[in-house]
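# Inside the fold
Chain residues, written in single-letter form:
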Amino acid sequence: MRPRVLFSVLGLLAAAAFAASLAVGPADVGPGQSLSALLRDDGGPLTIVMREIRLPRAILGALVGASLGLSGAAMQGYLRNPLAEPGLIGISGSAALGAVIAIHTGLAAAFALALPLAALGGSALAVLLILLLAGPRGSSMTLILAGIAISALAGALTALVLNLSPNPFAAYEIMFWLMGSLADRSFSHVWLALPFILAGGLALLMTARGLDALTLGEDAAQSLGIRLDRLRLLLVGGTAAAVGASTAVAGAIGFVGLVVPHLLRPFVGARPALLLPASALGGATLLLLADVAVRVVLPTRDLQLGVLTALVGAPLFLHLIFKTRREFA
């Protein structure tokens, strides 16, 4: 498929998913009336709902989905591993650990933005540890091993915090947050995450030329003038900023960064430079549609977004595995 056609289709799908996220909700109000209340300030409660609840939720859905899809495509391109995803290098787990500590210590209750700030601090600490363990000129395998070690440590510490929770209500709050959600988010969360996601996304897009060259191998990429140490720094830093900020405001949401690049790779001819922006649009579309489904499937229950993406993403990924097996059989 031609890139212009692909990006036009993905852009339209993302725009339609964004509009659906704005129009769909538990209130018994038609889409036309909802969008009209968003554009016209009549001072009514529907305008407040649209501008203060649904709009920041839709914006965050697009930002978080785009950052997860883009990070997944960049990770798979750099590591040349179709199983790579943003959580592989421990960024998501470390950000989640920071948020869990904020909940456990009571900081999240004392200060509204303590939870996302603690999650951002956890992701920053993970970056420092990864760069320290992998070394300035470590290979991609060293990066994977360092990420797995940090991810395992973050998971163990998160379990320890859960085990030491002072009461079941604190443990419930931690588990509820770890499932991932966009509910009850405000523009404060948008403004907090936006600069990190934009900076991280820009850093990941800057890896496009290097990832294309890496398809020929590390030696060939270096002969083409690609500095692998700089490429790795952009990848780790960009993933930490984008995914860390996303986890900080939305919790742990899996499978988006793993599945979306797989779905779109056949349409870009396996070119990482084209797959990066395509996965950003695809990730935004997928997460927005999943958030709409959360509100439609069980409107009276707290179905968490991360649970739904896992329920949809796992079978889809299994299908892709069997499809790949048949192709190489």
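For the structure itself, look to the data block above.
Below or above, wherever it landed, is the structure these notes cover. (Residues numbered from 1 in each chain as written. Predicted model: local features only at pLDDT ≥ 70, side-chain atom pairs only at ≥ 80, totals over all residues. Heavy atoms only, no water.)

Moving on, we come to the nonpolar core. Counting 72 residues, the largest nonpolar core has Tyr78, Ile91, Leu143 and Ile253 as its most contacted members. Counting 7 residues, the second-largest nonpolar core is a separate cluster that includes Leu22, Ala37, Met50 and Leu55. (Core = buried A, V, L, I, M, F, W, Y, C linked by side-chain atoms within 4.5 Å. Buried < 20%, exposed > 50% of the residue type's maximum accessible area, 1.4 Å probe, protein only.)

Bringing the pattern of salt bridges into the picture now. Throughout the structure, instances matching the rule amount to 5 salt bridges. The salt bridge partner of Arg227 is Asp229, with a shortest N-O separation of 3.6 Å. The partly exposed category is assigned to Asp229, whose relative accessible area is 27%. The partner of Asp291 in a salt bridge is Arg295, and the shortest N-O contact between them spans 3.0 Å. Pair noted here: Asp291 and Arg295 are both in helix α14 (residues 272-297), with a separation of 4 residues, about one helical turn. Pair check on accessibility: Asp291 and Arg295 agree, each one buried. In the salt-bridge network here, residues are joined through shared partners; they are Arg57, Asp291 and Arg295. (Salt bridge = Lys/Arg side-chain N within 4 Å of Asp/Glu carboxyl O. Helix = DSSP H or I, 4+ residues; strand = E, 2+ residues; numbered from the N terminus.)

To continue, consider the packing of aromatic side chains. What the rule picks out here adds up to 2 aromatic pairs. Geometrically, the ring pair formed by Phe187 and Trp191 is stacked, given 6.0 Å between the ring centres and 25° between the ring planes. Here Phe187 pairs with Trp191, and both are found in helix α9 (residues 187-205), just 4 residues apart, close to one helical turn. Residue class for Phe187 comes out partly exposed when judged on its relative accessible area of 22%. (Phe/Tyr/Trp six-rings, centres within 6.5 Å; stacked < 30°, edge-to-face > 60°.)

Time to look at helix α12 (residues 228-250). Across its 23 residues, α12 extends 32 Å between first and last C-alpha, which sits within 8% of the 33 Å expected from 1.5 Å per residue. With 19 of 23 residues buried, α12 lies mostly within the body of the structure. Looking at the residues trailing α12, positive phi occurs at Gly251, about 80°. (Expected span 1.5 Å × (residues − 1).)

Put simply, helix α3 (residues 45-79) and α12 touch, their axes get as near as 9 Å, and they point 150° apart. Put simply, α3 runs roughly antiparallel to α12. Between α3 and α12 the crossing geometry is left-handed. Facing Leu60, Val64, Ser67, Leu68, Ser71, Ala74, Met75 and Tyr78 of α3, the residues of α12 in contact are Leu231, Arg232, Leu235, Thr239, Ala242, Val243, Ser246, Val249 and Ala250. (Axes fitted to C-alpha atoms, helices over the stretch in contact; angles between N-to-C directions. Parallel < 35°, antiparallel > 145°, perpendicular 65-115°, else oblique. Left-handed = near helix turned anticlockwise from the far one by under 90°. Contact = heavy atoms within 4.5 Å.)

All right, on to a nonpolar patch on the surface then. Judged by side-chain polarity, Leu125, Leu128, Leu129, Leu132 and Leu133 come together as a nonpolar surface patch covering roughly 520 Å² of accessible area. Inspection of the secondary structure assignment puts Leu133 in helix α6 (residues 114-134). (Patch = residues over 30% accessible without salt bridge, like charges linked within 9 Å, V, L, I, M, F, W, Y side chains within 5 Å. Areas by Shrake-Rupley, 256 points an atom, 1.4 Å probe, with all protein chains shown as cover.)

Tracing the sequence through the fold places Ser94 in helix α4 (residues 91-105). By relative accessible area, Ser94 is classed as buried at 8%. Side-chain polar atoms of Ser94 contact the backbone oxygen of Gly90, separated by 2.8 Å. Every residue in contact with Ser94, bar those within four places of it in the chain, is listed here: Gly122, Ser123, Ala126, Ile150 and Ala154. (Polar contact = N/O pair within 3.5 Å; in protein donor to acceptor, adjacent residues only side chain to side chain.)

On to unusual backbone geometry. One non-glycine residue, Asp184, lies in the positive phi region at around 60°. Among the structural elements, Asp184 can be located in the loop between α8 (168-178) and α9. The backbone phi angle of Phe255 is positive, close to 75°, even though this residue is not glycine. Relative to the helices and strands, Phe255 resides in the loop between α12 and α13 (256-264).

A few words now on the environment of Ser139. Within the secondary structure layout, Ser139 lies in the loop between α6 and α7 (140-163). The class of Ser139 is partly exposed, set by a relative accessible area of 33%. For the pair formed by Ser139 and Glu218, sequence separation is 79 residues and the distance between their alpha carbons is 9.5 Å.

Two elements in contact, α6 and α7, have axes separated by 9 Å at closest approach and are oriented at 135°. In terms of axis orientation, α6 runs oblique to α7. Between α6 and α7 lies a crossing whose hand is right-handed. Together, Ala126, Leu129, Ile130, Leu133 and Ala134 of α6 and Thr142, Leu143, Ala146 and Ile150 of α7 make up the contact between the two elements. Class assignment of the residues belonging to the contact of α6 with α7 gives a composition of 8 nonpolar, 1 polar and no charged. (Nonpolar A, V, L, I, M, F, W, Y, C, P; charged D, E, K, R; others polar.)

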